[in-house]
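Structure assessment
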Amino acid sequence: MIHFQDVVKRFGDTTVLDGLDFTVAPGERVTLIGPSGSGKTTILRLLMTLEDLTEGFIYVDGEPLTHELRDGKRVARRPRDVSKTRRRIGMVFQQFNLFPNMSVLENITEAPIHVLGKPKQEAREDALRILEQVGLRERANAHPMQLSGGQQQRVAIARALAMHPEILLLDEVTSALDPELVGDVLEVLREIARTTNITMLIVTHEMQFARDVSNRVLMFDSGRILEEAEPDKMFSHPEHERTRRFLQAIL
Amino acid sequence: MTWDTEFALSVFPELLSAFVRVTLLVTVVGSLMAAALGLVWAITQRSLGRRSLPLRWVLDFIRMTPIPVQLLFVYYTFNNLSALTVGILVFGIHYSTYMAESYRAGIESIRKGQWEAATALSLPPHRTWRAVILPQALRATLPSLGNWAIAMFKDTPFLIFIGVLEMVTVARQIGGSTFRYTETFTIAGLIFLAASYPTAILMRRLEKRLAY
Ligand SMILES: Nc1ncnc2c1ncn2[C@@H]1O[C@H](COP(=O)(O)OP(=O)(O)O)[C@@H](O)[C@H]1O
Ligand SMILES: [Mg+2]
């Protein structure tokens, strides 16, 4: 379970999130939509601890992520503790961010071996199994730069899955891809949604995909949740005029 | 002036000895030291962020002070150290400040997404550096480190300030007393060439190993 409690995020003088509260149930697939700049990326990056939380708390399965309340005071947790909680979360980036100095296989086994302490052989076998899932088993020894964008993104998905996260964050993972490569990546993600119970937070403009995989859609506007609904309702009968206009603009 | 092969051969052992015992020793040990220390400075600066300002000042100060001054200062301050040791220490530390800048540029050339992917995988700092950042940063940095080593090599005649005779100084002395500069400096040049050629090959090998 993910719980945002009174979350405030400021960049200098700009307040991006101002007292945000929301909860995501275990196994739930939630899609975040909203105009550019409405704070969707910031929310995922806060969860991945890539941004400092200005105020408030984020809990993962009841465990505080970066800050906790101790004797009525809000204190930062130690990096080691943060790391332990963070391991439950995986993220796939818009720009893939694979390590170019490693082979596909090394990209995937690096963290299982050096963070989870898995034996090399076991990590390798697991990585190959996951590569099979994303349809790239035969490219295990290739280097990222030898792969197409769509293949790189599937490796990035495999790399996140190899940590066996409970939560997967997907930030516009097909936005940097040529249109003809989008389908394969979405297919892989649909398959993960179908065959696992990983909690997913998805930021995407692929509305059909959002409709197919998510249980709930949150519409953001200026860092606030303007409305939330099941995908069918949100995409067919949004409550707010603003949501309607936004959906019209992207469809 | 005619070329005297016999004379040229006769000065060879003395020049070679000065080259190996001083020039080569100071350059090789000094460069290794500078490369290691420079990396430490660069990583420390990056990890400490703004708190590394005092370290920056010290490094800037060392970089901007002339080598002869540093040689004399260290030589007379720590008079229990041999002149050669002082030479190695001063060259190593002086050039570590330049190499730190090279490493820094290499590290800064790594895109933010690489650090973020490492965080997203919860890689501990030592693994992020060793497995992700440095292999990529060193590729960009290596040629520049080689250039600083060559610069150090060319600065070794400064060792005369603390009474250490390296090859070029010895060659000048021989030339000055025999007036046979041509032979002496030809031999010195050949020794330099013989040393730099394998070094260049070694550097290329190293660069290849870092390629991906
Ligand atoms: N590093 C940053 N520094 C300053 N402002 C930022 C930074 N990152 C994001 N912002 C601002 O935060 C707001 C929300 O951005 P973001 O979360 O990326 O929105 P979205 O993903 O919905 O497009 C935007 O106004 C953006 O300009
Ligand atoms: Mg965004």
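Calculation criteria
- Position numbers for residues count from 1 along each chain, tracking the sequence in the order it is written.
- Each chain gets a letter, beginning with A, and each ligand a number, beginning with 1, in the order they are written.
- Where local features are concerned, this predicted model is filtered to residues with pLDDT of at least 70; where side-chain atom pairs are given and counted, the filter is 80 or more; whole-chain, interface and lining totals use all residues.
- Side-chain measures were taken over the full set of non-hydrogen atoms in the model, leaving aside hydrogen atoms and water.
- The helix count covers DSSP runs of H or I at least four residues long, the strand count covers runs of E at least two residues long, and both are numbered beginning at the N terminus.
- Summary of the burial criterion: residues with accessible area below 20% of their type's maximum are buried, those above 50% are exposed, and those between are partly exposed, where the area comes from a 1.4 Å probe applied to protein chains only.
- We call two residues contacting when some pair of their heavy atoms lies within 4.5 Å.
- Using a 1.4 Å probe, accessible areas were evaluated by the Shrake-Rupley method; residue-level cover was limited to the displayed protein chains.
- Working definition of a nonpolar core: buried Ala, Val, Leu, Ile, Met, Phe, Trp, Tyr and Cys residues. They are joined through side-chain atoms within 4.5 Å.
- Working definition: residue near molecule or strand if any one of its non-hydrogen atoms lies within 4 Å of it.
- Polar contact is defined as a pair of N or O atoms within 3.5 Å, subject to the rule that within protein one atom must be able to donate a hydrogen and the other to accept it, and that residues adjacent in sequence are counted only when both atoms are side-chain atoms.
- Each pair of strands is called paired provided DSSP finds at least two bridges between the two strands.
- The path from the first strand over the helix to the second decides the hand: if it runs clockwise while the strands point away from the viewer, the crossover is right-handed.
- Whether two aromatic rings pair depends on their centres lying within 6.5 Å, for rings of Phe, Tyr and Trp, where Trp uses its six-membered ring; planes under 30 degrees apart make the pair stacked, over 60 edge-to-face, and the rest tilted.
- Note on criteria: charge over ring means Lys NZ or Arg CZ within 6 Å of the ring centre, with the direction from the centre no more than 35 degrees off the ring normal.

Regarding the overall build of chain B
Counting its secondary structure elements, chain B contains 8 helices and 0 strands. Start at the N end of chain B and walk to the C end: the helices and strands fall as α-α-α-α-α-α-α-α. Out of the 212 residues belonging to chain B, those deemed buried represent 42%. Taking the contacts inside chain B whose residues are at least 6 apart along the sequence as the reference set, 77% of them involve residues at least 24 apart. In the form shown here, chain B has an accessible surface area of approximately 11,500 Å², with 67% of it arising from carbon and sulfur atoms.

Notes on the nonpolar core
Soluble, globular proteins show a tendency: their nonpolar side chains are buried together. Residue and element names in this part refer to chain A. If you look at the biggest cluster of nonpolar residues, it comprises 69 residues, and the most contacted ones within it are Phe 4, Leu 47 and Leu 169. Look past the residues within four positions of Leu 47 in its chain and what remains in contact with it is Ile 2, Phe 4, Ile 58, Val 60, Leu 65, Ile 89, Leu 169 and Leu 201. Listed in part, the 38 residues of the second largest apolar core include Leu 128, Ala 140, Ala 156 and Val 173.

A few points about the site of ligand 1
All names here are of chain A. Around ligand 1, the neighbouring residues are Phe 11, Val 16, Pro 35, Ser 36, Gly 37, Ser 38, Gly 39, Lys 40, Thr 41 and Thr 42. Gly 37 is positioned with one of its backbone polar atoms (N or O) 2.7 Å from an oxygen atom of ligand 1. Between ligand 1 and Lys 40 there is a distance of 2.8 Å, counted from an oxygen atom to a side-chain nitrogen or oxygen. Expressed as a share of its isolated accessible area of 560 Å², the protein-covered part of ligand 1 is 58%. In terms of residues, the shell around ligand 1 owes the most to one element, helix α1 (residues 40-47), which gives 3 residues.

Overview of the pairing of strand β10 (residues 199-203) of chain A
All names here are of chain A. Taken across its 5 residues, β10 has 5 buried, putting it largely inside the fold. Burial along β10 is two-sided: Thr 199, Leu 201 and Val 203 and Met 200 and Ile 202, pointing in opposite directions, are all buried. With 4 bridges connecting them, strand β3 (residues 29-33) and β10 associate as parallel partners. The partner of Val 30 across the bridge, within β10, is Leu 201. Handedness of the β-α-β unit built from strand β9 (residues 167-171), helix α6 (residues 179-195) and β10 comes out right-handed.

Here we look at the packing of aromatic side chains
For any pair of aromatic rings, geometry is given as the distance between the ring centres together with the angle between the planes. The full count for this structure, using the stated rule, is 11 aromatic pairs over all chains. Centroid distance B:Tyr75 to B:Tyr76: 5.2 Å. Interplanar angle 70 degrees. Geometry classified as edge-to-face. Over the ring of A:Phe11 we find A:Lys9; its NZ or CZ atom is 4.7 Å from the centre of that ring. The residue whose ring lies beneath A:Arg74 is A:Phe57, and the NZ or CZ to ring-centre distance is 5.8 Å.

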